[in-house]
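# Geometric and topological summary
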Amino acid sequence: MAHLDAKWGVAKAKKLKVGVIRYADDFVITGASRELLEDVIKPWVENFLAIRGLRLAKAKTKIVHVDEGFDFLGWNFRKYTGKLLIKPSKKNVKAFYKKLGTAISDNLGATQENLIRLLNPMLRGWAQYHSPVVAKQTFSRLESLLFWRLMRWAKRRHPTKSADWIRKKYWRTVGNRHWVFACQVDTELGNKATMELYSLAGTAIERHIKIKGAFNPYDPSWEMYGETLRKERMVKNMRYRKEWIRLYVDQDGKCALCGYAMDFDTGWHDHHMQYRVAGGSDALGNRVLLHPNCHSQVHNLGLKVTKPVPV
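Calculation rules
Residues numbered from 1 in each chain as written. Predicted model: local features only at pLDDT ≥ 70, side-chain atom pairs only at ≥ 80, totals over all residues. Heavy atoms only, no water. Pairing = 2+ DSSP bridges. Helix = DSSP H or I, 4+ residues; strand = E, 2+ residues; numbered from the N terminus. Axes fitted to C-alpha atoms, helices over the stretch in contact; angles between N-to-C directions. Contact = heavy atoms within 4.5 Å. Patch = residues over 30% accessible without salt bridge, like charges linked within 9 Å, V, L, I, M, F, W, Y side chains within 5 Å. Areas by Shrake-Rupley, 256 points an atom, 1.4 Å probe, with all protein chains shown as cover. Salt bridge = Lys/Arg side-chain N within 4 Å of Asp/Glu carboxyl O. Buried < 20%, exposed > 50% of the residue type's maximum accessible area, 1.4 Å probe, protein only. Core = buried A, V, L, I, M, F, W, Y, C linked by side-chain atoms within 4.5 Å. Phe/Tyr/Trp six-rings, centres within 6.5 Å; stacked < 30°, edge-to-face > 60°. Lys NZ or Arg CZ within 6 Å of the ring centre and 35° of its normal.

### Focus: the sheet that holds strand E8 (residues 192–196)
Within a sheet, each strand pairs with its neighbour through backbone hydrogen bonds, oriented either parallel or antiparallel. Reading across the sheet, the three strands line up as E6-E7-E8 and stay open at both edges, with antiparallel pairing between neighbours. Either end of the sheet is taken by a strand with one partner, and the two such strands are strand E6 (171–174) and E8. Each adjacent strand pair in this sheet contributes to an overall mean axis angle of 60 degrees, direction not counted. Against the sheet, helix H4 (residues 112–130) makes contact with strand E7 (177–186) and E8, and its axis sits at roughly 110 degrees relative to E7, the strand it touches most.

Printed below as a string of structure tokens:
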């Protein structure tokens, strides 16, 4: 019944030209007018959630014009002269800068190496999260603010030293980049290497892969498309790379359906044995690697795949 209700809702949304952006339990619904959203869509959503024991959070539920803009998942969605731009929200940027400032001020006695090791994961994670949107200007502005924060950190460590002495001690030229906050560190091989602060401004902007408008995550016929889309989005995530390596090793590098070898030339797909639509989890015990063609056969022919015994 829930599945039919969900499919009916998708069909109704298409007819009314309503769009949905969803992430976990948060979502945005777009419509042609305020009246449509208030009088038709909102009551339907409330009813849809009530059947499942859920309800809309009043504090987070707002109806605004896209020209005014709104914040969602740390981003600001707004149309500028008719063009939709998605940028890091001011609230998210302010909170992150405050977090960086606290980390720096709490480590006045730390060495430059330890400070870089502390800041780099924070900077890299935040930058990669915002890399699919219009964030270049934000990255550059925040990097400039961070520079002056680090300069103040260095001056407090050496109150009697000149600015030129501080610059030479804590900042270097790396390639064609000047004023790079970096230091020399010892490697495991006993050599010297340069450790530098992650560059926000150097983060590449990579746009999200657009999904098909008809995609319905509640429809089993779209399960394979959802799995492929998820793989493409997670391919640069180190955690998922490690999971794929684990699956690959457990399967001895062979497809879980046909038993033939998989490599970069053949490619592979990450398949959920119990479909996510049916409540299957992302745990490794519910996933196997398949050739792309084998993956298509599994979904098109309704084949069942068993988990190979690790070698």
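### Here's the deal with a nonpolar patch on the surface
On the surface, a nonpolar cluster with roughly 280 Å² of combined accessible area is contributed by Ile245, Tyr248 and Val249. Tracing the backbone shows valine 249 in helix H8 (residues 238–250). What makes valine 249 exposed here is its relative accessible area of 52%.

### Considerations on the nonpolar core
Leu119, Leu123, Leu150, Trp171, Phe181 and Leu200 are the most contacted members of the largest nonpolar core, which totals 36 residues. Put simply, the parts of the chain that give this core at least two residues each are strand E4 (75–80), helix H3 (90–105), H4, helix H5 (136–157), helix H6 (163–170) and E7. With eight residues, H5 is the largest single contributor of residues to this core. Sequence-distant contacts of tryptophan 171, that is, excluding residues within four places in its chain, are made with Phe147, Leu150, Met151, Ala154, Ile166, Trp179, Val180 and Phe181. Among the nonpolar cores identified, the runner-up in size contains 13 residues, and Met262, Trp268, Leu290 and Cys294 belong to it.

### Points about unusual backbone geometry
Phi at leucine 73 is positive, roughly 55 degrees, even though this residue is not glycine. Here leucine 73 shows up in the loop between strand E3 (70–72) and E4. Backbone geometry at threonine 81 places phi at a positive 45 degrees, although glycine is not the residue there.

### Some details on the sheet that holds E4
Across the sheet, three strands lie side by side as E3-E4-E5; this open sheet has antiparallel pairing. The open sheet has two free edges, formed respectively by E3 and strand E5 (83–88), since each of these has just one partner strand. If you compare each strand with its neighbour and ignore which way they point, the axes differ by 30 degrees on average. Pairing of E3 with E4, which is carried by three bridges, proceeds in the antiparallel orientation. When the bridges of E4 are listed, phenylalanine 72 appears paired with tryptophan 75.

### Some thoughts on the packing of aromatic side chains
The tally for this structure, following the rule as stated, stands at 18 aromatic pairs. Arranged with centres 6.4 Å apart and planes meeting at 15 degrees, the rings of tyrosine 170 and phenylalanine 181 form a pair that is stacked. Residue tyrosine 170 is found in helix H6, and its partner phenylalanine 181 is found in strand E7; the two are separated by eleven residues along the sequence. For the pair tyrosine 170 and phenylalanine 181, one class covers both residues: buried. In textbook terms, an aromatic cluster arises when at least three aromatic residues are bridged by ring pairs, as seen for Phe147, Trp148, Trp153, Tyr170, Trp171, Trp179 and Phe181. Note that arginine 52 overlies the ring of phenylalanine 48, its terminal NZ or CZ placed 3.7 Å from the centroid. Its guanidinium or amino end placed over the ring of tryptophan 179, arginine 167 lies 5.8 Å from that ring's centre, counting from NZ or CZ.

### Considerations on the pattern of salt bridges
Enumeration according to the criterion identifies ten salt bridges in this entry. Between arginine 287 and glutamate 243 there is a salt bridge whose closest N-O contact spans 2.7 Å. With arginine 287 in strand E10 (residues 287–290) and glutamate 243 in helix H8, this residue pair connects regions lying 44 residues apart in the sequence. Considered together, arginine 287 and glutamate 243 belong to a single accessibility category, that of buried residues. Linking arginine 287 and aspartate 270 is a salt bridge whose minimum nitrogen-to-oxygen distance equals 2.7 Å. Taken together, the residues span a long stretch of sequence, with arginine 287 in strand E10 and aspartate 270 in strand E9 (residues 269–272) at a distance of 17 residues. Using a relative accessible area of 0% as the deciding quantity, one classes arginine 287 as buried. Residues participating in the shared-partner salt-bridge network are Asp164, Arg167 and Lys168.

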